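Residue-level structure breakdown
Given next are the chains, with one letter for each unit.
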Amino acid sequence: MLEETGPEWLSEEVKTGTTIIAIEFDGGVVLGSDSRVSAGSSVVNRVMNKLSPLHDKIYCALSGSAADAQTIAEMVNYQLDVHSQKIHLIPFFLFLQSLHFIYYMSLNRHLFNGNLIGWQTGVFATLNGLLTRQPFAVGGSGSSYVYGFVDAEYRKGMNKEECQQFVVNTLSLAMNRDGSSGGVAYIVSIDEHGTEEKVILGNDLPTFFDQ
Amino acid sequence: MEKRCTDSQVKGVSTGTTILAATFDGGVVIGSDSRASIGGEYVSSKTINKVIQVHDRIFSCMAGSLADAQAVTKAAKFHLSFHSVQMETPPLVIAAASVLKELCYKNKDELQAGFITAGWDRKKGPQVYVVSLGGMLISQPVTIGGSGSTYIYGYVDAKYKPNMSKEECLQFATNALALAMGRDNVSGGVAHLVVVTETGVEHVVVPGDKLPKFHNE
């Protein structure tokens, strides 16, 4: 290269080109994400955990600009923290308000996962401001490659282990095809007993016929 | 979310499409959807057949600009029939794929079309070849193409097994096409499937309402 502009990762924004997925089962939710953060064609972090806690039993999965996503998640975490001091149960409308806060910033996409004690369990997806509740949701650049797979494989009434396996398989397929997704898989399972975080290392991920 | 496809840059009628080909034990299945669109907004044909027979046991699916693809396949068909007369034997699948590749590579600046060529020949049995936009030729056991293919990479990776039976492979191909048509707005219509084996060629057309349905439909 003859230019003096320096390496592109100095000038490219850091993005979490990514694969994120959340799925609801009877009694809780499972969230999963990959771990690659890229700036242009350079991987700046290969082990980033994109599943961010908003509260004890509310997690969100980040995609888009890494800085924006992290900041928003921290802001919402703080808001929910402050309000939960006063009231132990987080009212549903407040949860929605904090999501609304994110739309006003009109940034990126987040997948939200809520398990509000005794009130609602659910996966909420925000797409540039649209809030929808779905039995499962996939997002990020890697999600395009697995739409067919999740459409075919999702069944209602899966239990927690089946959901976890479904999430791991989906992440693995997406990471194989998407250049901006890769690394390890982070899984978070939330149910009434608590929150469980797991990491599946690269070599432990499921493999498919061409590997 | 960005759509990763080159078809959306195509001028004129494009086969924003889903095509696939897969080998099974004893043959190949080639399939495509049937929608042709202009600019992703207007469906100019609901029932176009994108699987073209270039020789008795060799078929080709087209993706990209319809005009370019039709012109190239016509030229390839002529070339192949001449070739098979000269050689006094049916052409090899790789010969058909190479003919398409030559045309795509030599005219890469003008053309915007990619192909999947699949068939059966006596030398190597069932084969699938991909000729990409710039003229690269590779052989794979299963391959997908077109704008709708992005959505089924995960499904194909997970569900394809080498040496399936004919029925399993047909079901796999139908499911894959149905899933892609369900997510891609420029793929749709009916599913055209062709099964090529040593003994012959079988056409299967699955109309839209008979396609497999998945949980969200």
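Conventions adopted
- Residues numbered from 1 in each chain as written.
- Chains lettered and ligands numbered in written order.
- Predicted model: local features only at pLDDT ≥ 70, side-chain atom pairs only at ≥ 80, totals over all residues.
- Heavy atoms only, no water.
- Helix = DSSP H or I, 4+ residues; strand = E, 2+ residues; numbered from the N terminus.
- Buried < 20%, exposed > 50% of the residue type's maximum accessible area, 1.4 Å probe, protein only.
- Contact = heavy atoms within 4.5 Å.
- Areas by Shrake-Rupley, 256 points an atom, 1.4 Å probe, with all protein chains shown as cover.
- Salt bridge = Lys/Arg side-chain N within 4 Å of Asp/Glu carboxyl O.
- Pairing = 2+ DSSP bridges.
- UniProt positions renumbered as here; feature names shortened; annotations may be inferred.
- Polar contact = N/O pair within 3.5 Å; in protein donor to acceptor, adjacent residues only side chain to side chain.
- Expected span 1.5 Å × (residues − 1).
- pLDDT = per-residue confidence, 0-100.
- Buried area = accessible area lost by both parts, 1.4 Å probe.
- Axes fitted to C-alpha atoms, helices over the stretch in contact; angles between N-to-C directions.

1. Some details on the overall build of chain A
Check the secondary structure of chain A and you find four helices and 13 strands. Relative to its full complement of 211 residues, chain A shows a buried share of 53%. Considering only intrachain contacts with a sequence separation of at least 6, the fraction spanning at least 24 residues in chain A is 63%. If you sum the accessible surface of chain A, you get close to 10000 Å²; carbon and sulfur atoms cover 52% of it.

2. Digging into the pattern of salt bridges
Pairing between side chains becomes possible if they bear opposite charge and their charged atoms approach one another. Following the criterion strictly, the structure yields 11 salt bridges over all chains and no others. Taking the shortest distance from any N to any O, the salt bridge between Lys-160 of chain A and Glu-196 of chain A comes out at 3.4 Å. Taken together, the residues Lys-160 of chain A in helix H4 (residues 160-177) and Glu-196 of chain A in strand S13 (residues 194-200) connect sequence positions 36 residues apart. According to the relative accessible area criterion, Lys-160 of chain A is buried, its value standing at 19%. Across the salt bridge formed by Lys-101 of chain B and Glu-102 of chain B, the nearest N and O atoms sit 3.3 Å from each other. For Glu-102 of chain B, a relative accessible area of 33% corresponds to the partly exposed category. Connected via shared salt-bridge partners are Lys-160, Asp-191 and Glu-196 of chain A.

3. Focus on the pairing of strand S2 (residues 19-24) of chain B
Along any regular strand, the residues point their side chains to alternate faces of the sheet. All names here are of chain B. In terms of residue burial, S2 counts as a mostly covered element, since six of its six residues are buried. Burial of S2 is two-sided: the residues Ile-19, Ala-21 and Thr-23 facing one way and the residues Leu-20, Ala-22 and Phe-24 facing the other way are all buried. By the bridge criterion, six bridges tie S2 to strand S3 (residues 27-32) in an arrangement that is antiparallel. When the sheet's bridge partners are listed, Thr-23 is paired in S3 with Val-28. The antiparallel pairing of S2 with S3 creates a hairpin that spans two residues between the two strands, and Gly-26 there sits at a positive phi of about 110 degrees.

4. Considerations on the UniProt feature "active site" (unreviewed entry) in chain B
All names here are of chain B. When the UniProt feature table is mapped onto this chain numbering, "active site" (unreviewed entry) sits at Thr-17. Following the sequence through the fold, Thr-17 ends up in the loop between strand S1 (13-14) and S2. At a separation of 2.8 Å, a polar atom in the side chain of Thr-17 contacts the side chain of Lys-50.

5. What about the pairing of strand S6 (residues 51-55) of chain A?
Residues and elements named next belong to chain A. Extensive coverage of S6 is indicated by the burial of four of its five residues. Pairing of S6 with strand S7 (residues 58-65), which is carried by four bridges, proceeds in the antiparallel orientation. In the strand pairing of S7, Pro-53 is matched with Tyr-59. Between the antiparallel neighbours S6 and S7 lie two residues.

6. So, helix H2 (residues 93-106) of chain B
All names here are of chain B. With 14 residues, H2 extends 20 Å from end C-alpha to end C-alpha; this agrees with the ideal 20 Å at 1.5 Å per step. Those residues of H2 that fall on the buried side of the exposure criterion are Val-93, Ala-95, Ala-96, Ala-97, Val-99, Leu-100 and Cys-104. Next to the buried residues of H2 lie strand S6 (51-55), strand S7 (58-64), helix H1 (66-87), strand S8 (113-121), strand S9 (125-131) and strand S10 (137-139).

7. Digging into the UniProt feature "active site" (unreviewed entry) in chain A
Residues and elements named next belong to chain A. Taken from the UniProt record, the annotation "active site" (unreviewed entry) applies to Thr-18. Checked against the element boundaries, Thr-18 lands in the loop between strand S1 (15-16) and strand S2 (20-25). Taking relative accessible area as the criterion, Thr-18 reaches 1% and is therefore assigned buried. When sequence neighbours within four positions are dropped, the list of residues in contact with Thr-18 reads Asp-34, Lys-50, Leu-62, Ser-63, Gly-139, Gly-140, Ser-141, Gly-142, Ser-143, Asp-178, Ser-180 and Ser-181. A distance of 2.5 Å separates polar atoms of two side chains, one belonging to Thr-18 and the other to Asp-34.

8. Observations regarding the confidence of the model for chain A
Residues and elements named next belong to chain A. Confidence in the prediction of chain A, expressed as mean pLDDT, is 77, and 71% of residues score 70 or more. The least confident element of chain A, judged by mean pLDDT, is strand S8 (residues 109-116) at 41; the most confident is H4 at 93. Low pLDDT, under 50, characterises residues 103-120; the predicted model gives this stretch 81 contacts beyond four residues in sequence or across chains.

9. Section: the interface of chain B and chain A
Each side of the interface is counted separately: chain B has 21 residues, and chain A has 23 residues. Taken together, both faces of the contact between chain B and chain A bury some 1900 Å²; the carbon and sulfur share is 61%. There are three salt bridges connecting chain B and chain A. Here chain B is connected to chain A by six residue pairs in polar contact (both at pLDDT 80 or more).

10. Some thoughts on the sheet that holds S8 of chain B
Residues and elements named next belong to chain B. Taken in spatial order, the five strands of this open sheet run S6-S7-S8-S9-S10, and their pairing is antiparallel. In this open sheet, the two strands that pair with only one neighbour each are S6 and S10. The average undirected angle you get between the axes of adjacent strands in this sheet is 25 degrees. Relative to S8, S7 is paired through seven bridges, and the arrangement is antiparallel. The residue of S8 that forms the bridge with Ile-58 is Gly-119.

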